[in-house]
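If you want the building blocks of each chain, they are given just below.
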Protein chains: 2
Amino acid sequence: MTRRDAMIRRLQAIVPDEAILRRPEELKPYECDGLTAYRRVPWLVVLPEHESQLVRILKLCHDEKVPLVVRGAGTGLSGGALPLEEGLLVSLARFDRILELDPLGRTARVQPGVRNLAISGAARPHGLYYAPDPSSQIACSIGGNVAENAGGIHCLKYGLTVHNVIALRCLTMEGETVILGSAGLDGPGYDLLALVHGSEGLLAVVTEITVRLLPLPGCTRTLLAAFSTVAAAADAVAAVIEAGLIPAAMEMMDRPAIVAVEDYLQAGYPREAAALVICELDGPEAQVEAEAAAARRQFERHGAFRVQVAQDEAERQRFWQGRKSAFPAIGRITPDYYCMDGTIPRHRVAEVLAGIARLADKYGLRVANVFHAGDGNLHPLIMYDAAAGELEKVERLGREILELCVQVGGTITGEHGVGVEKLDSMCRQFGEGELRLFHAVKQAFDPRGLLNPGKAVPTLARCAELGGMHVHQGRLPHPELVRF
Amino acid sequence: MTRRDAMIRRLQAIVPDEAILRRPEELKPYECDGLTAYRRVPWLVVLPEHESQLVRILKLCHDEKVPLVVRGAGTGLSGGALPLEEGLLVSLARFDRILELDPLGRTARVQPGVRNLAISGAARPHGLYYAPDPSSQIACSIGGNVAENAGGIHCLKYGLTVHNVIALRCLTMEGETVILGSAGLDGPGYDLLALVHGSEGLLAVVTEITVRLLPLPGCTRTLLAAFSTVAAAADAVAAVIEAGLIPAAMEMMDRPAIVAVEDYLQAGYPREAAALVICELDGPEAQVEAEAAAARRQFERHGAFRVQVAQDEAERQRFWQGRKSAFPAIGRITPDYYCMDGTIPRHRVAEVLAGIARLADKYGLRVANVFHAGDGNLHPLIMYDAAAGELEKVERLGREILELCVQVGGTITGEHGVGVEKLDSMCRQFGEGELRLFHAVKQAFDPRGLLNPGKAVPTLARCAELGGMHVHQGRLPHPELVRF
């Protein structure tokens, strides 16, 4: 009997036979996540339905030293759910129940397979919603959001997943239950709740998530501002924040993105603009009106040649439609594109965009930018033709762009995670000391290294092979710094 | 030569002789922190001035297996800086420089011994400030704030220390430098930045802190609302938040506290009130006016018999003066008092205050309440007479109050930390699984257990002796829960 057959037999004692996928046509849909460039047909897929089954699966894998990958909805963009050659793929798709909703305490306790948008759906009758809104929110699961510490358009005001989750029920690799966080403000003990967020499935398996719900905003105003230079738009974004405003969202697109969108669906964006900013304010009406007026003043002061305020919900949807369709719009005009995800300090957006343009010229590639300007999370889309053998060049450009982000004090990923895609860039972001601590923390949670091995944190040897690690997050000297 | 003399000789090779305190009169000031009930004269105190000295001290302690306690300003309230019988006390008082202030990026990079308020002082000429404001902010150091993840009156709107720090430079116990966090939004790798916050000096030694600065608010409005029952005040606080407002601060005091304050300094609080709420709103003027009107409506709707808006800065200061003097005011009317620090879900304040009153009656002790109502952080002050042998009774009442907090889903400490004081309560808050993970994480950072041993996390044996650990953060059934 093969090792795989033996595992099937052991799993049959834990879950019904139909919950164990083993035939090629059953396994195929699980060969990749949202990053389709990396694929591997899984060894075996198992779909448990109850926590008690999951405990037994974990104990089995622990005893047998079989590694496993836990998968949510498979919408991740860095290959974090890529299957293993010889290990289980555990799908939490059947953990799809909202267990409890507390309108007074404004929390919901849900299973990890619940879709992000389904939480807001259940909360809506109580005038509440769940704030973080990744673009994939119609499909992505809350468990995956925790694993990647997902953001979204509205995270400028409402924070990332970690800021909207108050407690997690988790299983360790040994199958032990732990509860992290509480309904209180700041818990005692080490902040393992924050630690598990964004840990990309390497530390523990989350089985319940208690999220914070917010009241639906009384009023929303959406502004569209057009600029004739990218620098002016970036300065205007910085000025809005400097004026003390915290928009619910503040997005930016450059001309290549604007033109692609207009060609695709005629959102009414001005084609002559070098950059567009979409700024949304929400809250009580009097406050929103005051803030919208203040934001408009900043846009005009920084040279916007057109500022429109959406007059009704239909126009607001049109403003957003263009932004939200930017990726498919780019997809129409290029055989392939590669979406980057770096973050930088907000006030350095203009400078970094100029740097990206220079790098794109150097490689002879086109880049469109569509991004969360308010929090400095860039998404350069590199257009290329894989069939023409351009992929390797694209990857080099991508790495240089991420190194530029690190140089100005930023990071190699904002919200998409490291997964398998950015392992090498991790060597640029971190030095030996940090990597050693990461491995020690992993060891604390999963001494046998069975949870999602080979993802998120490169080995020291891999970084050494790449030619050594970078200096600690080097900062370029800022002329504007006040030194003491 | 004693072990201590040998250590002095080794330290003399690292720091100037005057930086090694060894005589009883030199050591005495370091025998306790803000929790004066626990005292121990240190073995030796060393005051390094440069990071390179600190690295050598850590390596020395690591090699010689000498434990150490790192101390900030000594204002902590849970005994976290209590010295060891045979170990170094390392004071970071000389790490008192603001290294860099970036008005455009709105960050300041500072050493750990810098006083909290000094950061805002340096930022003020640029129209900026550092938001977290623990009551001790005139004296406490930013390094201590990181160790305890300090809050303050304004953390309702602006968050805890962890939400206002973007990067830390740390030394591991082996003297290696690591940099956690970045100027970007969400970093890759495990969130060790959050993990170090609130770790009470057990994981690493922080040598530089990069904090976020905020623009000084354009406008501030402060309301004082008086209620004839505690329940009405608690409901009003919940209603303000439910209305979608996020006040900069929302504090509450009950009658014993009000009367003590009025007897002390005549703040103008209505003595007939059962509870007072002080609510402060800040931001751009139009927004603040709108919010203040909305808050006033909620107070009136929930039965406030008097709502005053401070007409000028002098009156605003008077409103706050009473709140800020509440602890010394209580100190005047009782030989001793014990300040608790539990957090609970905001909407359960009324119920928990009633429970505290019942418990106080049971023990025949008086309790005054002065607390951060907006974020559910309670500070019951138990009044007693140590000379009359009441301490043991007070400690029992204190434990019962904290257990009540845990029962409703809260925690045993909001902002004061665990230190030596709340080790036993940690056994009530956490089960074996969580404690085991805490110890594993500690092991990952400090395998020899030399950093601040005996604090913050109890051993499993200690909890077992206490009669077993509690069930996971038991929740009482809420009648208002929507179950699916």
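Residues numbered from 1 in each chain as written. Chains lettered and ligands numbered in written order. Predicted model: local features only at pLDDT ≥ 70, side-chain atom pairs only at ≥ 80, totals over all residues. Heavy atoms only, no water.

A. The interface of chain A and chain B, seen in detail. With 88 residues of chain A at the interface, the matching set in chain B holds 86 residues. Taken together, the two surfaces of chain A and chain B that pack against each other cover about 7200 Å², and 63% of this comes from carbon and sulfur. Put simply, chain A and chain B have 2 salt bridges between them. One salt bridge connects A:E176 with B:R436, and the closest N-O pair in it is separated by 2.8 Å. (Contact = heavy atoms within 4.5 Å. Buried area = accessible area lost by both parts, 1.4 Å probe. Salt bridge = Lys/Arg side-chain N within 4 Å of Asp/Glu carboxyl O.)

B. View of the domain arrangement of chain A. All names here are of chain A. Domain annotation for chain A reports domain 1 (3-91), domain 2 (98-215), domain 3 (219-323), domain 4 (334-416) and domain 5 (423-470). Computed from C-alpha coordinates alone, the two centres of domain 2 and domain 5 are separated by 26 Å. Domain 2 puts 10 residues into the contact, and the matching count from domain 5 is 10 residues. Summed over both sides, the interface of domain 2 with domain 5 buries roughly 1000 Å², with 75% coming from carbon and sulfur. Considering only the side of domain 2, the residues that lose the most area to domain 5 are M173, L202 and L203, jointly responsible for 60% of the buried surface there. Between the two partners, domain 2 and domain 5, sit 0 salt bridges. (Domains from an automatic or database assignment.)

C. Geometry of the sheet that holds strand β4 (residues 88-91) of chain B. All names here are of chain B. Spatially, 4 strands are ordered β1-β2-β4-β3 in an open sheet, and the strand pairing comes out mixed. Edge strands, defined here as strands with exactly one partner in the open sheet, are β1 (20-21) and β3 (68-71). Judged from the 4 bridges that link them, β3 and β4 form a sheet pairing that is parallel. Note that in β4 the partner of V69 across the bridge is L89. On top of the sheet, helix α1 (residues 3-12) reaches β1, β2 (44-46) and β4; it is set at about 10 degrees to β2, its chief contact. Packed onto the sheet, helix α3 (residues 51-64) meets β2, β3 and β4 and runs at close to 165 degrees relative to β4. (Pairing = 2+ DSSP bridges. Helix = DSSP H or I, 4+ residues; strand = E, 2+ residues; numbered from the N terminus. Axes fitted to C-alpha atoms, helices over the stretch in contact; angles between N-to-C directions.)

D. Seen up close, empty space enclosed by the protein. Scanning all chains against the criterion turns up 2 cavities of 30 Å³ or more. The computed volume of the largest cavity comes to approximately 40 Å³. Lining the largest cavity are A:G198, A:S199, A:E200, A:A456, A:V457, B:P188, B:G189 and B:Y190. Taken together, the residues of the lining of the largest cavity break down into 4 nonpolar, 3 polar and 1 charged. Empty space within the second largest cavity amounts to approximately 30 Å³. What lines the second largest cavity is A:G189, A:Y190, B:G198, B:S199, B:E200, B:V418, B:A456 and B:V457. (1 Å grid on protein atoms, 1.4 Å probe; cavity = no way out; pocket = protein on both sides within 12 Å on 5 of 7 lines; lining within 4 Å. Points joined across faces, edges and corners; volume = space filled by probe spheres on them. Nonpolar A, V, L, I, M, F, W, Y, C, P; charged D, E, K, R; others polar.)

E. Highlighting the pattern of salt bridges. With the rule as written, the count across this model stands at 55 salt bridges over all chains. Between B:K157 and B:D282 there is a salt bridge, and its shortest N-O distance comes to 2.8 Å. Of the two residues, B:K157 sits in helix α6 (residues 155-158) while B:D282 sits in strand β14 (residues 275-283), which places them 125 residues apart along the sequence. What emerges from the salt-bridge pattern is a single network uniting A:R23, A:E25 and A:E26.

F. Here's a closer look at the packing of aromatic side chains. In total, this model carries 10 aromatic pairs over all chains according to the counting rule given. Measuring from ring centre to ring centre gives 5.7 Å for A:Y190 and B:F438, while their planes differ by 85 degrees; the resulting arrangement is edge-to-face. Of this pair, A:Y190 sits in the loop between β9 (177-181) and α7 (192-196) while B:F438 sits in helix α16 (residues 432-445), on two different chains. For the residue pair A:Y190 and B:F438, the accessibility class agrees, reading buried in each case. Ring geometry for B:Y129 against B:Y158: centres 6.4 Å apart, planes inclined by 85 degrees, an arrangement best described as edge-to-face. With B:Y129 in strand β7 (residues 128-129) and B:Y158 in helix α6, the pair connects residues that are 29 residues apart, well separated along the chain. (Phe/Tyr/Trp six-rings, centres within 6.5 Å; stacked < 30°, edge-to-face > 60°. Buried < 20%, exposed > 50% of the residue type's maximum accessible area, 1.4 Å probe, protein only.)

G. Molecular detail of the nonpolar core. Within the largest apolar cluster, 193 residues are counted, with the highest numbers of intra-cluster contacts made by A:L192, A:M252, A:F299, B:L192, B:M252 and B:F299. Those residues in contact with B:L192 that lie beyond four places of it in its chain are A:L195, A:L437, A:F438, A:V441, B:L180 and B:F445. (Core = buried A, V, L, I, M, F, W, Y, C linked by side-chain atoms within 4.5 Å.)

H. View of helix α11 (residues 313-324) of chain B. All names here are of chain B. Given a rise of 1.5 Å per residue, 12 residues ought to cover 16 Å, and the 16 Å separating the end C-alpha atoms of α11 matches this to within 8%. Looking only at α11, the buried set comprises E315, R316, F319, W320, G322 and R323. Angular distribution of buried residues about the axis of α11 spans 155 degrees; they occupy a single face of the element. (Expected span 1.5 Å × (residues − 1). Arc of directions from axis to C-beta.)

I. Seen up close, the state of the cysteines. All names here are of chain A. What the rule picks out here adds up to 2 disulfides over all chains. Disulfide pairing is shown between C427 and C463; the S-S distance is 2.0 Å. Disulfide C427-C463: the torsion about the S-S bond is -80 degrees, which places it as left-handed. Within this pair, whereas C427 is found in helix α15 (residues 423-429), its partner C463 is found in helix α17 (residues 460-465), the two being separated by 36 residues in sequence. (Disulfide = S-S within 2.5 Å.)

J. Up close: the relation of the copies chain A and chain B. When chain A is fitted to chain B, the residual RMSD is 0.0 Å, and the transformation amounts to a turn of 180 degrees plus an axial shift of 0.0 Å. Viewed as a symmetry operation, the transformation between the two copies matches a two-fold axis. Of the C-alpha atoms belonging to chain A, the one lying closest to the rotation axis is found on A:Q287, 2.2 Å away. Comparing contact sets, 97% of the residues at the interface of chain A also lie at the interface in chain B, consistent with an isologous, same-surface contact. (Least-squares fit on C-alpha atoms with pLDDT ≥ 70 in both.)

K. View of the pairing of strand β6 (residues 107-110) of chain A. Residues and elements named next belong to chain A. Here β6 shows two buried faces, one formed by T107 and R109 and the other by A108 and V110. Where strand β5 (residues 98-102) lies against β6, 4 bridges are found, and the strand directions are antiparallel. Directly across from D102, in β6, lies its bridge partner T107. Linking two consecutive strands that pair antiparallel, namely β5 and β6, is a turn of 4 residues; a positive phi of about 55 degrees is found at R106 within it. Across 4 bridges, β6 lies against strand β10 (residues 205-212) in antiparallel orientation. Bridge pairing links V110 to I209 in β10.

L. Summary view of the packing of helix α9 (residues 255-265) of chain A against helix α12 (residues 326-333) of chain A. Residue and element names in this part refer to chain A. For the pair α9 and α12, interaxial distance at closest approach is 8 Å and the crossing angle is 85 degrees. Judged by the inter-axis angle, α9 sits roughly perpendicular to α12. Contacts from P256, A257, A260, V261, D263 and Y264 of α9 reach α12 at A326, P328, A329, I330, R332 and I333. Class assignment of the residues belonging to the contact of α9 with α12 gives a composition of 10 nonpolar, no polar and 2 charged. (Parallel < 35°, antiparallel > 145°, perpendicular 65-115°, else oblique.)

M. Representation of the environment of A:L82 within the structure. All names here are of chain A. Among the structural elements, L82 can be located in the loop between β3 (68-71) and β4 (88-91). As for L82 and A19, which are separated by 63 residues in sequence, their C-alpha atoms are 20 Å apart. If sequence neighbours within four positions are ignored, L82 has contacts with E31, D33, Y38, R39, R40, V69, V420 and K455.

N. Region of the structure containing α9(A). All names here are of chain A. Of the residues making up α9, those classed as buried are A257, I258, A260, V261 and E262. On the buried face of α9, the contacting elements are β13 (249-254), β14 (275-283), α11 (313-324), α12 and β18 (366-371). Two residues or fewer after α9 comes Q266, characterised by a positive phi angle close to 50 degrees.

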